[in-house]
Amino acid sequence: MFYRGNYGRMAELDGRETGPKRQRFDQGSSFYGPSPGSSFMYNPSPYGYVEQQPPPPFPVVRLRGLPFDCTEADVAEFFHGLDIVDVLFVRKDGKFSGEAFCVLGYPLQVDFALQKNRFSMGRRYVEVFRSRRQDYYKAIANEVSENRGGASPHRRAPRARSHDEEKDSVEHTGILRLRGLPYSASKDDILEFFRDFNLSEDSVHIVFNSEGRPSGEAYVEFANTEDSKAAMTKDRMTLGSRYIELFVSSHEELDEAISRGR
C-alpha cells in the first residue's frame, strides 16, 4: 500500500520506516535483507553495550546516456533478470536528460546491474554507476517540484490540447486503461486511486508481461459508462508520485492484454 502525498514514494522506499510493503517481496523481507531483529548482536566487550550493525546500502544505480524515447519497459529489459522496484527518469528544465535512477530488489543486485555498464540500448551505450539514497530522494523531490501542473517526466513534451479533446470524444464502454503505474502497484493501490467509485478487486486487472512481471499497465471495469466518463477526471493525477494516464478501452483490448500476460 502506498503512502499518499507528493513524498509518498520516499516514505515507502525507506524500509526501516515502513517495513516490507511491496508485493514483489516475500513476507518479512525487503531490500534491506533479513528482518531487523537479525541485525542486532551482543558485544562481548567488557562494556556490555549492544552494537547495531549498519544496514546494507540502498540498492539504487544511476544510468546515463539513455535514448530520449526510453521507457520503463526498456530499462526493465536492459536489466533483464533483476528485480526492478522503481525507475525514475531525470529531467532538467522540463526535458528528459537521458539519465535515470533504478531501484533494485536487493543490495546484491547492484553488482549485477553494474556489469551492464557500457552495454547498448538501441543505438546508445548506457553508462551505469553506483548511486546513493540521498541522490535518489533528491531526484524525487525535483520531479515533484517540476511536475506540479506539468507533464510526466517520461514524456518529452506535454500532450496537446487536441489530444485531450480526442480523449473526450471517444465512446466509453465502461473500461479504462491505466498507463504509467509503478511496477509495485497493487490492486488495493488502484482501488484507492478510484476510491470515489464503487469498485471491487475483481474489476481491476493488472497487466503482466510474458515473463510474469508487471508491465506498468492495468485495466479497470466500471459499473457503467457514466462512471468511466467521470473517472477520466483522474487522468494525469498521481499515484504515489507517478502521473497516471487514462485511456478509454474495450472488452476486446482487455481480454487481449490479459491473454498476452499468461
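Heads up: these notes are all about the structure in this document. If you're wondering where the values come from, they're calculated on a predicted model, not measured in any experiment.

1. What about the overall build of the protein?
- For the protein, the count of helices and strands is 9 helices and 12 strands.
- Expressed as a percentage of the 262 residues in the protein, the buried residues total 45%.
- Across the protein, the fraction of contacts at a sequence separation of at least 24, relative to all contacts at a separation of at least 6, is 68%.
- Of the accessible surface of the protein, which amounts to about 14300 Å², a share of 49% is contributed by carbon and sulfur atoms.

2. Things to note about the packing of aromatic side chains
- This structure, assessed with the given rule, holds 11 aromatic pairs.
- Relative to F194, the ring of F193 lies with its centre 5.0 Å away and its plane at 80°, an arrangement referred to as edge-to-face. Residue F193 shares its accessibility class with F194, and that shared class is buried.
- Ring-pair connections join several aromatic residues into one group, and the members of that group are F58, F101, Y136 and Y137.
- A cation over an aromatic ring shows up here: K116 above the ring of F78, its NZ or CZ 5.0 Å from the ring centre.

3. Concerning the pairing of strand β3 (residues 60-64)
- Strand direction decides the pairing type here: β3 and strand β5 (residues 95-104), joined by 5 bridges, are antiparallel. Paired with R64 across the bridge in β5 is E99.
- The sheet contact formed by β3 and strand β7 (residues 124-130) spans 4 bridges and is antiparallel. In the strand pairing of β7, R62 is matched with F129.

What counts and what doesn't
- Residues numbered from 1 in each chain as written.
- Predicted model: local features only at pLDDT ≥ 70, side-chain atom pairs only at ≥ 80, totals over all residues.
- Heavy atoms only, no water.
- Helix = DSSP H or I, 4+ residues; strand = E, 2+ residues; numbered from the N terminus.
- Buried < 20%, exposed > 50% of the residue type's maximum accessible area, 1.4 Å probe, protein only.
- Contact = heavy atoms within 4.5 Å.
- Areas by Shrake-Rupley, 256 points an atom, 1.4 Å probe, with all protein chains shown as cover.
- Phe/Tyr/Trp six-rings, centres within 6.5 Å; stacked < 30°, edge-to-face > 60°.
- Lys NZ or Arg CZ within 6 Å of the ring centre and 35° of its normal.
- Pairing = 2+ DSSP bridges.

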